[in-house]
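Listed below, chain by chain, are the residues.
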There are 4 protein chains.
Amino acid sequence: MAIMTSQAKLSVGIIGASGYTGHELIRILTNHPEVSLCAISSRSYEGKKISELYPNFRSICDMSLTNQEEVLARADLIFAGLPHGLSEPLAHEALLQGKYFIDLGADFRLQEESHYLAYYKKNFEYKELHTKAVYGLPELYASDIRQAKLIANPGCFPTAATLGLYPALQKLKLKSAEIIIDAKTGTTGAGRSLSQAQHFAEHTGNFYPYSFGTHRHTPEIEEQASAFAQEQIQVCFIPHLLPISRGILNTMYLKVGEDFSLEDLHSSYKAFYQDKHFVRVLDLDERAAIAPVANSNYCDISLHFDAHNKYLIICAAIDNMLKGSSGQAVQNMNIMMNFDETAGLDFIPSAF
Amino acid sequence: MAIMTSQAKLSVGIIGASGYTGHELIRILTNHPEVSLCAISSRSYEGKKISELYPNFRSICDMSLTNQEEVLARADLIFAGLPHGLSEPLAHEALLQGKYFIDLGADFRLQEESHYLAYYKKNFEYKELHTKAVYGLPELYASDIRQAKLIANPGCFPTAATLGLYPALQKLKLKSAEIIIDAKTGTTGAGRSLSQAQHFAEHTGNFYPYSFGTHRHTPEIEEQASAFAQEQIQVCFIPHLLPISRGILNTMYLKVGEDFSLEDLHSSYKAFYQDKHFVRVLDLDERAAIAPVANSNYCDISLHFDAHNKYLIICAAIDNMLKGSSGQAVQNMNIMMNFDETAGLDFIPSAF
Amino acid sequence: MAIMTSQAKLSVGIIGASGYTGHELIRILTNHPEVSLCAISSRSYEGKKISELYPNFRSICDMSLTNQEEVLARADLIFAGLPHGLSEPLAHEALLQGKYFIDLGADFRLQEESHYLAYYKKNFEYKELHTKAVYGLPELYASDIRQAKLIANPGCFPTAATLGLYPALQKLKLKSAEIIIDAKTGTTGAGRSLSQAQHFAEHTGNFYPYSFGTHRHTPEIEEQASAFAQEQIQVCFIPHLLPISRGILNTMYLKVGEDFSLEDLHSSYKAFYQDKHFVRVLDLDERAAIAPVANSNYCDISLHFDAHNKYLIICAAIDNMLKGSSGQAVQNMNIMMNFDETAGLDFIPSAF
Amino acid sequence: MAIMTSQAKLSVGIIGASGYTGHELIRILTNHPEVSLCAISSRSYEGKKISELYPNFRSICDMSLTNQEEVLARADLIFAGLPHGLSEPLAHEALLQGKYFIDLGADFRLQEESHYLAYYKKNFEYKELHTKAVYGLPELYASDIRQAKLIANPGCFPTAATLGLYPALQKLKLKSAEIIIDAKTGTTGAGRSLSQAQHFAEHTGNFYPYSFGTHRHTPEIEEQASAFAQEQIQVCFIPHLLPISRGILNTMYLKVGEDFSLEDLHSSYKAFYQDKHFVRVLDLDERAAIAPVANSNYCDISLHFDAHNKYLIICAAIDNMLKGSSGQAVQNMNIMMNFDETAGLDFIPSAF
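Quick notes on the rules
- All residue numbers refer to position in the chain's written sequence, counted from 1.
- Chains and ligands are labelled by the order in which they are written, letters from A for the one and numbers from 1 for the other.
- Where local features are concerned, this predicted model is filtered to residues with pLDDT of at least 70; where side-chain atom pairs are given and counted, the filter is 80 or more; whole-chain, interface and lining totals use all residues.
- Working from all heavy atoms in the structure, the side-chain values ignore hydrogens and water.
- Salt bridge criterion: a side-chain nitrogen from Lys or Arg within 4 Å of a carboxyl oxygen from Asp or Glu.
- Only runs of H or I of at least four residues qualify as helices and only runs of E of at least two qualify as strands under DSSP, and these elements are numbered from the N terminus.
- Only protein chains enter the accessibility calculation, which uses a 1.4 Å probe; a residue whose area is less than 20% of its type maximum is buried, one above 50% is exposed, and one in between is partly exposed.
- Least-squares superposition aligns the copies on the C-alpha atoms of those residues with pLDDT at or above 70 in both.
- In what follows, a contact means two residues having at least one pair of non-hydrogen atoms within 4.5 Å.
- Note on definitions: buried area is the accessible-area loss of two parts on being combined, 1.4 Å probe, summed for both.
- Polar contacts, as counted here, are pairs of nitrogen or oxygen atoms within 3.5 Å of one another; within protein the pair requires one atom able to donate a hydrogen and one able to accept it, and residues that are adjacent in sequence qualify only if both atoms are side-chain atoms.
- Note on aromatic contacts: the rings of Phe and Tyr and the six-membered ring of Trp form a pair at centre separations within 6.5 Å, being stacked when their planes are under 30 degrees apart, edge-to-face when over 60 apart, and tilted otherwise.
- Whether a charge lies above a ring is judged from NZ of Lys or CZ of Arg, which has to be within 6 Å of the ring centre and within 35 degrees of the ring normal.
- What pLDDT conveys is the predictor's confidence in a given residue, as a value from 0 to 100.
- Strands are labelled as partners when DSSP assigns at least two bridges between them.

Enquirer: Any details on the pattern of salt bridges? Residues and values, ideally.
Expert: All names here are of chain C. Scanning the entire structure with this criterion turns up 61 salt bridges over all chains. Here R246 makes a salt bridge to E24, at a shortest N to O gap of 2.9 Å. Residue R246 is located in the loop between strand 10 (234–241) and strand 11 (248–255), and its partner E24 is located in helix 1 (residues 20–30); the two are separated by 222 residues in the primary sequence. Residues R246 and E24 agree in their burial class; the two are buried.

Dropping the structure here:
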């Protein structure tokens, strides 16, 4: 089964392809009508075929993993799925060579260097790059993305949080600028590295919170929320680990005032997301769930009101590996390259 | 394998034995050193052997399901696992006959008739019984339970909530009397009735919230919390359904003041629960999880502080079918009957 | 999101669209480049939107379910996913009207009426249709399928069995004409109907065999195997139910002679399936598994030899809903209509 | 919660306590009425509390892991859960000191040294010990176990196979002395060691065979079967890995003759196992499954006949960690020490 590449296709490459985000990028890019996947790299598995690591790729993608230099040399657009701190120099080099760079890691997600230092224990290395990097949340920043050379692909929890909160923070004058986000994720969010806690026998049937106010996605959510609320927003963000492989559901609690109208807010959501292909605002009697978005690039949002004590509850569900990572990265590429925004992303979720 | 019953053993019976709470009661009572299970009933399956419904019971308990009258006639202590509204007349009859009655349903859990009417659409039928019924949370009300003839066995979510909140509400002067409880439960909480949402193929890999401010456990949690906080406590309680069979984890958010000390509060928890066999207060660097309590009568509680925005986060985990239902019912019986509080409840949880 | 249909696209419809095979057909056909899904029907849910039954389809397919007559009237090619016995009259009517008919049920799968009577307790109703129907296993019968108007889409277990056995039965002179097939399937194989055994709490963690020599796929496997072995083949076929939603793995045992060479046989498999896009013959040190084919139209086959007692063991894995049902149905349509055989079927399986 | 130990209790210890078999032994022995767990050891975790490795044990067993020497010195009966080859010298030392030794590993399971050499690449080290070791399958060898000082606790698959096959091999004159055993196990069978294949995200939803005629349990099954069939029995044994934590189901195929009567054989099974507490022979219309034995020491056996081609199919299900390992080890101790055979083993399985 040859992968056909016409002259006109964009050459793309993946650095850090052996991880789970790399796996998802390969799945998407192999079927993408406008691109040709020309090189993939992995420090740990250089020389191995990707289908040896992932037998699901047999006969579909049997490319060999190479090194970063070769990806940089051969691709016109580079996706990088690396631990934080490793993308900055690569992005610098790629942009020097006139190439496009989409970082699926954390190096360019935060606006404030002080936040990066506080949560990642590191300063910005190439400061000028941070002024060029665009936060790649297409539903909010499509016009900036269209002009970008360098994309900071959002974190998985912040994607669900920001999409879920945006119209509410725009429209409501919140009595309190504090939001509680009780988040739940599948285990692919923690990646491919082995741990006792994720050994099958010990995780099946288990569920637990794993970070309390210190998760690195906290400042990312706060920066985004504060930007569009135009006031300082603080979030209490507590992630939990589900016994499933894919999917995130954020349950978000906002105290609202006496004059709150759920119907009005729902209309604002419907209006704002009307033309956004991948966001589905559910009807008021429905509730977001993980299965209807798993294995797709959709984000489902549902709104609820606890009249008893005036809490607005916003639920936002995504597939952490697609809309929360690799799917969104490709959506960003599509916009940057003026492809159809949905190209390669027409995954239809399944009920089972 | 005969079930041996000496003269001295207490005769106990189960009304509504075919449901999941009945199943768990049978598992516990069959091995209980002080009782003899003499009769079990089910309206839907009268005449069938319980081991036909539950093949796990083959050769362990092959009793036939009979009717309520026979259970009432033969048992000296009756457990009832019935939909709300059906226990009141049975409890009335049992107490008239000088018997003990432990209701695993909701008929006697609420103190305020107005709450019962609002959430269950029904008035109290035998009002005098409600003055006699004791709320069966042994860690808080053991002395009342010791005198009781009629026990209202707490709901599963309220058990985890109340045990998790009690020392905090006692000790802290909360700036806000509002608590957010983001709760997650395994599917046995919804019982044995079939539904599309719980069809295996559709629930595996899924996760979602299922009630927004209207769950019947809300007033129960509020009544308990308000009683020991000595002020009106409101909770925003949102339950979610996990793709596991057993277990509840409540993540509870309380805004605290500037002078809050997590260490002090932790000491209070340690002190209060020191002699309570089934409650384990975790160390400050640990977090509650479902697996370490599943298949046991333990409740694990962990305390966390998000210093960023001054939230105390309390996690409480139980097995919804044991400490959250049938295990607690037997613990109540043990106290009422002056048995060892842990008799029949020495289930040791497993890591896998 | 409108579904665009050009004049040139083939109008297709689905009768029995509310079941799991219908669900899968909708997922495939909605993205299929050559067809337009014009009508879907369901006896039980007529008038409802399919996205009310399956919220994953929100904004992707919001068509309303209609009746069979409308599907027959509007579509040029009809897929039917119905209990056995219901497709024959519909196929008769469709063919009278010059339309194509692909039956995902069992009505036309068996060649021998006596087998149909023995296993389905029914005679052939429209006997002449049975001479026209082509058994839709594309890897073996593509040339017949290309000419067909009426397709009997194979059963899920027979698909895995037949693809796994074909080269072996062709090449080997089997000492014994008996084959043991120990089969394992995910629960979607049993469909959408509710049962206690498939209630989530009772099936998670469970596994069991469910039929012993009487499963209706037995004669189907035997007819196929006997046809290409050119002798009478008997199979002892025992299916088991896995606690997963999708996927089949058949482990098949054949006694072989002294002169058996695994390498030679492997070469025959490689040669035979070389040009068959959806069949992957694994290397001799690899083993078929469910995850690498789940959510795709692939069939993975691995060959093993127990030298100890001269058994050839063939493992064949498919997704029961795709290659085992709806995916194969579309593959058949593609061949009949002279579309690219893989059109609409480019699902890439995932490692997680 | 103090563990009370009277003077009269037997002092027992566990070598290799940090693994999964050790975990299960701790669960059982902590509640066992006749023993006192006095020391547990682990090479990798010496000095750590067992409840640090397994938080489920908090407040139930907070013993510290020590070294082998201390266990040997303090215990009168030693359980060893070690990789093969490591138990022989320990058993030698223990017996010299007049102590009892129960080996949960493979060192003493095989009668024939040639088999041990072929499958474990090692010779017997203390040959005289092998004449003293008793194969600890209580339902067959209780009288020998009663006299034993050294027990070879059977493998998990051989336990299910041997219990399932015994009456059939005794009674039937098998036309063929070949048996196919298609076995399926939960992942605890592979222990606590981490692997990519058992990383939660990659194993959930997966299923596959993992060994073809070379599994080390093959000669153990054959030795047992041949012993009581009184002819040379060969088995084709293929194990598969299920996406569950606990449980084994063996599906076993035996070709039978024309005069075979399933009813007669069933009567033989019923008769033979009548007094064996932990073996349940199901009725002829029932089938063994994993859930009804999981978390218990039971073995369920069901018999089936495929009249079509004269195969007897025997299904045997156990919990691999209890009846297949640690539960059986304690059952052996109970018999050796003249305790009640079921002491500490009264786990009642659950339907969910």
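Enquirer: Explain the relation of the copies chain D and chain B residue by residue, including any values.
Expert: By a simple turn and slide, chain D fits onto chain B: the slide is 0.0 Å along the axis, the RMSD is 0.0 Å, and the turn is 180 degrees. Expressed as an axis order, the relation between the two copies is that of a two-fold axis. Across chain D, the rotation axis passes nearest the C-alpha of D:F347, at a separation of 4.4 Å. A share of 100% of the interface residues of chain D reappears at the interface of chain B, consistent with the copies meeting face to face through the same patch.

Enquirer: An account of the interface of chain A and chain B is requested, with residue identities and associated values reported.
Expert: Of the residues lining the interface, 47 residues belong to chain A; the matching set on chain B comes to 46 residues. Carbon and sulfur atoms make up 62% of the surface buried where chain A meets chain B, a total of about 3700 Å² over both sides. Among the ionic pairs, A:E178 bridges to B:K255, the shortest N-O distance being 2.4 Å. At the boundary of chain A with chain B, the tally comes to 24 residue pairs in polar contact (both at pLDDT 80 or more). Secondary structure elements with two or more residues in the side of chain A that touches chain B: strand 8 (178–185), helix 9 (200–203), strand 9 (208–209), helix 10 (217–229), strand 10 (234–241), strand 11 (248–255), strand 13 (299–306) and strand 14 (311–318) of chain A. If you tally residues by element for the side of chain A that touches chain B, the top one is strand 10 of chain A, at six residues.

Enquirer: So what's going on with the packing of aromatic side chains? Which residues, and what values?
Expert: Per the stated rule, a full pass over the model turns up 50 aromatic pairs over all chains. For the pair B:F157 and B:F237, a centre-to-centre distance of 5.1 Å together with 65 degrees between the ring planes defines the contact as edge-to-face. Of the two residues, B:F157 is situated in helix 8 (residues 156–171) and B:F237 in strand 10 (residues 234–241); the sequence distance between them amounts to 80 residues. A single burial state applies to B:F157 and to B:F237, both of which are buried. Between the NZ or CZ atom of A:R287 and the centre of the ring of B:Y208, over which it lies, the distance is 3.9 Å. The ring of D:Y100 carries D:K149 above its face, with NZ or CZ at 4.4 Å from the centroid.

Enquirer: I'd love a proper account of the confidence of the model for chain A, names of residues and values included.
Expert: Across chain A, the average pLDDT comes to 96, with 97% of residues at or above 70. Of the two predicted TM-score estimates for the complex, the pTM is 0.97 and the ipTM is 0.96.

Enquirer: Please set out the sheet that holds strand 9 (residues 208–209) of chain B residue by residue, giving values where relevant.
Expert: All names here are of chain B. Overall, mixed pairing links the seven strands, which are arranged 9-10-8-11-14-13-12 in an open sheet. The open sheet terminates on both sides in strands that have one partner only, identified here as strand 9 and strand 12 (279–281). Alignment of strand 12 against strand 13 (residues 299–306), held across three bridges, turns out to be parallel. Opposite V281, over in strand 13, you have I301 as the bridge partner.

Enquirer: A description of the sheet that holds strand 3 (residues 65–66) of chain D should follow, citing residues and the corresponding values.
Expert: All names here are of chain D. What the seven strands build is an open sheet, ordered 3-2-1-4-5-7-6; its pairing is parallel. Edge positions in the sheet fall to strand 3 and strand 6 (134–135), since each has one partner strand and no second. Pairing between strand 2 (residues 35–41) and strand 3: two bridges, direction parallel. When the bridges of strand 3 are listed, I40 appears paired with L65.

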